[in-house]
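Inside the fold
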Amino acid sequence: MLGRIANWLPKPRLLEREILNLIIEKYSKELDECMAFLQHFLNLHKNSNYSFLDLKKRLVNCEDRFEDHRATLFLTLYQYVAGAYGAYLNERHKYDFADMINAATQAVREIPECAHSYRYILVDEVQDLSPNRQNLIRAILDKNPGCRLFAVGDDWQSIYRFTGSDPSLISNFARVFGRCTRKSYIETTHRFGKTTAKVSSKFMRKNPLQTNKKVHSVAKNDTPIKIILSSQSGDDSVALERIISSLICEYGERCLQEKKLQIISRYNHDVSRIQSEAFVKLPNSDGTFRVIWHDWLEFEYCSMHKSKGITRDIVIVLNMNSTPFGMPATRENDPLIDAFLAPEEKHPFAEERRLFYVAITRAREQTFLVAERRRPSPFLFEIDPELDDLYRKLCPKCQCGELIRKNTPRGAFETCSNWKYGCNYVAKVKY
């Protein structure tokens, strides 16, 4: 990342280069993170169509003086980087993907020769459209009043808010595209069996703002969802070994080896939770991994976002824990990034719920959800209510921590396991 961006920044003089090399050597990790953040910010900015002045108004107008000062400093750096990047592209007559979308939109609106006649426009995954892609479609429709727009999308799988997409695009479709619309539901699936269809649909319909549809399966085999609770903390290897042993007993080694096996988790770095030497983790160039068990059984490994669209025979979901980087993930976006994103939804963890839905609907045959016994995800209690009676009560304040009983000289109290992450719930136990 650092090397790619450094290629199009102005070349420093000799002394400056020596100082820069020393900084890069000492702070390489921090600089890589900064460059990754700048790239993400740059992509969102170009997809949003905000001018730099609009951007400054959105970022430097908050009541928090620290955030204002931080945003001002960042924009000074960003303006320099964005200018250098634009100059780099212009000198080489190149476009990035956002430029191609924006230039095409401008051409359709302003150049008569580019306003081709279209009778139909077909859009797939419409829930993932960023603002500039919406603008391109609207520009074509404006030039072709009789054109029909056919779009396929699923707001249950809208999981790319961090790239600028907005799940309300489907519910506000007619207003966004300025057309009279008719909606048809695709409620039949061949991908997974009846159990997964029933459990996942019930889970998604708890958010009243999602489309109220009833998915039913016509698959020949059922697809059960099994919860595996582990006593290990920070290591899902033992649970994986248990799952593999049960699969060998069920299918046999030869048959299991022929299956398509997938391990997924909320973040790519969760692969570090596989700590046993029985597993070899081989990274791929796209951020995914190959995980090989005892040199003969191979799994694909990727994040939940990356798993969207794939189907495998057996899927294992790791780190289904009630932690900031578990499920639901409670880490907040940087305020600088939030300026570009669709407003937060009213239903708690709305996008994390959709991401979990994606995770549990990838398998043809069966899905395993792995969690630590002492802090399973609240989502697991929703799909299997019996867990609630067996293991714990959810914190009524944050809805994701576990209530822990503590006996003190002043009596017994219940506190939230997420106290270290900011939840200050405390209640006296009534006997």
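How each quantity is defined
Residues numbered from 1 in each chain as written. Predicted model: local features only at pLDDT ≥ 70, side-chain atom pairs only at ≥ 80, totals over all residues. Heavy atoms only, no water. Pairing = 2+ DSSP bridges. Helix = DSSP H or I, 4+ residues; strand = E, 2+ residues; numbered from the N terminus. Axes fitted to C-alpha atoms, helices over the stretch in contact; angles between N-to-C directions. Contact = heavy atoms within 4.5 Å. Buried < 20%, exposed > 50% of the residue type's maximum accessible area, 1.4 Å probe, protein only. Parallel < 35°, antiparallel > 145°, perpendicular 65-115°, else oblique. Left-handed = near helix turned anticlockwise from the far one by under 90°.

**Points about the sheet that holds strand S11 (residues 363-372)**
- Strands sit in the order S5-S11-S10-S6-S9-S8-S7 across an open sheet of seven strands; the sheet is mixed. Because the sheet does not close on itself, it has two edges, and the strands there are strand S5 (225-230) and strand S7 (279-283). Recorded for the sheet is a direction-independent mean angle of 25° between the axes of neighbouring strands.
- Taken strand by strand, helix H11 (residues 237-251) contacts S5, strand S6 (261-265), S7, strand S8 (289-293), strand S9 (297-303), strand S10 (312-317) and S11, and its axis lies near 150° from that of S11.

**Some remarks on the pairing of S8**
- Most of S8 is tucked away: four of the five residues are buried.
- Bridge count for S7 against S8 is five bridges, and the pairing is antiparallel. Paired with Pro-283 across the strands is Phe-289, a residue of S8.
- Counting the residues between successive antiparallel strands, the hairpin from S7 to S8 contains five residues, one of them, Gly-287, with a positive phi of roughly 90°.
- Relative to S9, S8 is paired through five bridges, and the arrangement is antiparallel. The partner of Trp-293 across the bridge, within S9, is Leu-297.

**Let's talk about the pairing of S10**
- Counted residue by residue, S10 has six buried out of six residues, so it is predominantly covered.
- Summarising the sheet, S6 and S10 pair through four bridges and their orientation is parallel. Bridging from a neighbouring strand, Ile-264 pairs with Val-317 of S10.
- In terms of strand pairing, S10 meets S11 through five bridges, oriented parallel. Among the inter-strand pairings, Ile-314 is bridged to a residue of S11, identified as Gln-366.

**Observations concerning the packing of helix H4 (residues 52-59) against helix H5 (residues 65-91)**
- H5 packs onto H4 with a crossing angle of 160° between their chain directions and a minimal axis gap of 10 Å. Between H4 and H5, the angle falls in the class roughly antiparallel. H5 is crossed by H4, and the crossing has right-handed handedness. Residues Phe-52, Leu-55, Lys-56 and Leu-59 of H4 pack against Asp-68, Ala-71, Leu-75, Tyr-78 and Gln-79 of H5.

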